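# Observations on chain architecture
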Amino acid sequence: MDDKGISKAVIRRLPRYYRYLGELLEEGVERISSNELSEKMRVTASQIRQDLNNFGGFGQQGYGYNVPYLYTEIGKILGLDKTHHMIIIGAGNLGQALANYVQFEKRGFKVVGIFDVNPVLKGISIRGNEIRMMDELPEFLETHDVQIAALTLPKNNAAETADMLVKQGIKAIWNFAHLDLDVPEDVIVENVHLSESLMRLSYNLNRYVSEHKEKK
Ligand code: NAI
């Protein structure tokens, strides 16, 4: 199965399907109808049918979806059937929290190195990875197979660090620094901004509060 022809909107929704299907698998569920999945995920059944139709005729009438098959196929499209080696740049609060999170590895994202400039942190071990200094990074990248770099360092140092990583051949950056990175076309950047998510929460909370006031 390849992902040609699958729209970006569907691809964006795939991680959520993957998570739900994974939970169903853990519960031993072998098949599920679009209506049941719809109730669970709070997405309309027609949206689910439309999205999952991209993966062939697995939603047969009267049978529903084959959970293990769909889980595996979506995993392949998301590239989760391979292990990705990741380094973390900036071993402060956020960098250490990411390095400590066990579930990434279960999904195939293995932290192989953590780097910082603060000598106080040198050698501290986080889940088996000793924090290294940034001057060790070029040699590390020459001798290790690394696909992803997570940037959890201050914004002011992020652009320069991203440039250096790109020169060293890194093609995927998971950017937590609050800065839009300027990288060549063949480099993929995924920005994560928790504060934007909080702002959306705040907007929805405000709307909810004012709607309730109107009703009173
Ligand atoms: P922190 O101050 O605890 O950690 C930053 C670490 O980066 C420090 O250990 C520092 O020594 C290191 N560092 C500084 N310059 C460096 C360089 N050139 N190379 C390598 N390491 C360097 O900060 P915290 O709380 O961990 O946040 C890290 C970054 O992530 C900040 O830019 C912050 O704004 C951002 N952040 C983003 C969030 C998001 O949702 N996108 C959420 C929380 C923080």
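Up top is the structure these notes are about.
Predicted model, so just to flag it, every value in this text is computed and none were measured.

In the vicinity of the ligand there are 21 residues, among which Leu 94, Asp 116, Asn 157, Val 192 and Leu 194 approach most closely. A distance of 2.8 Å separates an oxygen atom of the ligand from a polar atom in the backbone of Leu 94. Between the ligand and the protein, one listed contact pairs an oxygen atom with a backbone N or O atom of Leu 194 at 2.6 Å. Here the ligand has 850 Å² of accessible area as a free molecule, and 74% of this is covered by the chains. Mapped by element, the contributors of at least two residues to the shell around the ligand are α5 (93–100) and α8 (155–167). Of the residues assigned to the shell around the ligand, the class counts are eleven nonpolar, eight polar and two charged.

Generally speaking, nonpolar side chains in soluble globular proteins are found buried as a group. Core analysis: the largest hydrophobic core is formed by 22 residues, its most contacted members being Tyr 17, Leu 21, Leu 52, Phe 55 and Ile 74. Contributing elements (two or more residues each) for this core: α1 (8–26), α2 (34–41), α3 (45–52) and α4 (67–77). No other element matches the seven residues that α1 contributes to this core. Formed by 21 residues, the second largest nonpolar core is a distinct cluster that contains Phe 140, Ala 158, Val 166 and Ala 177.

So, how was this worked out
Residues numbered from 1 in each chain as written. Predicted model: local features only at pLDDT ≥ 70, side-chain atom pairs only at ≥ 80, totals over all residues. Heavy atoms only, no water. Near = heavy atom within 4 Å. Polar contact = N/O pair within 3.5 Å; in protein donor to acceptor, adjacent residues only side chain to side chain. Areas by Shrake-Rupley, 256 points an atom, 1.4 Å probe, with all protein chains shown as cover. Helix = DSSP H or I, 4+ residues; strand = E, 2+ residues; numbered from the N terminus. Nonpolar A, V, L, I, M, F, W, Y, C, P; charged D, E, K, R; others polar. Core = buried A, V, L, I, M, F, W, Y, C linked by side-chain atoms within 4.5 Å. Buried < 20%, exposed > 50% of the residue type's maximum accessible area, 1.4 Å probe, protein only.

So far we have only geometry, and geometry alone does not tell us how the molecule works.
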